[in-house]
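Overview (structure and organization)
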Amino acid sequence: MWNAWLPQLESVDLPLGQVLYESGGTLSHVYFPTTAIVSLLYVMENGASAEIAVVGNEGLVGVSLFLGAGPTPARAVVQSAGPASGWPLP
């Protein structure tokens, strides 16, 4: 299955502090971090946030798209800069 996606992946650099998506927003890419680390933060109604997951080279950022979910309730922020593979969504 990975070989089917490989031609569609783009190499991207994820700088420290970059916001990949905001809570309630829609995603433009799915990211597969190589050495970068991304924090997923749940944003509460009062504006406070809590870290709910950390994604590194073992996972992907944007899994809600594969699960058929709409806008995400989480915010994704790069915690450790590095390269990733990005899959642009149609």
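Look above for the structure.
Scoring rules and cut-offs
Every chain is numbered on its own, with residues counted from 1 as its sequence reads. Local features in this predicted model are restricted to residues of pLDDT 70 or higher, and side-chain atom pairs are both shown and tallied only at a pLDDT of 80 or more, whereas totals for entire chains, interfaces and linings draw on every residue. Hydrogens and water molecules were not included; the side-chain quantities draw on all heavy atoms of the structure. A run of DSSP states H or I qualifies as a helix once it reaches four residues; a run of E qualifies as a strand once it reaches two. Both are numbered from the N-terminal end. Buried means the residue's accessible area, taken with a 1.4 Å probe over protein chains only, is under 20% of the maximum for its type, while exposed means over 50%, and partly exposed covers the values in between. Here the rule is simple: two strands pair whenever DSSP picks up at least two bridges between them. Axes here refer to lines fitted to C-alpha atoms; in helices the fit is confined to the stretch in contact. Angles between the N-to-C directions go from 0 to 180 degrees.

**A look at the environment of Leu27**
As for its position among the elements, Leu27 is in the loop between β2 (19–21) and β3 (29–33). Under the relative-accessibility criterion, Leu27 is labelled buried at 13%. Separated by 34 residues in sequence, Leu27 and Val61 have C-alpha atoms that sit 9.8 Å apart.

**What about the sheet that holds β3?**
As summarised here, the arrangement of the 3 strands in space is β1-β7-β3, forming an open sheet in which the pairing is antiparallel. Bordering the open sheet on either side are β1 (10–14) and β3, each of which pairs with just one other strand. On average, each strand axis in the sheet is tilted by 40 degrees relative to the strand beside it, whichever way the strands run. Relative to strand β7 (residues 82–88), β3 runs antiparallel, the two sharing 5 bridges. Its bridge partner being in β7, Phe32 is matched across the sheet by Ser85.

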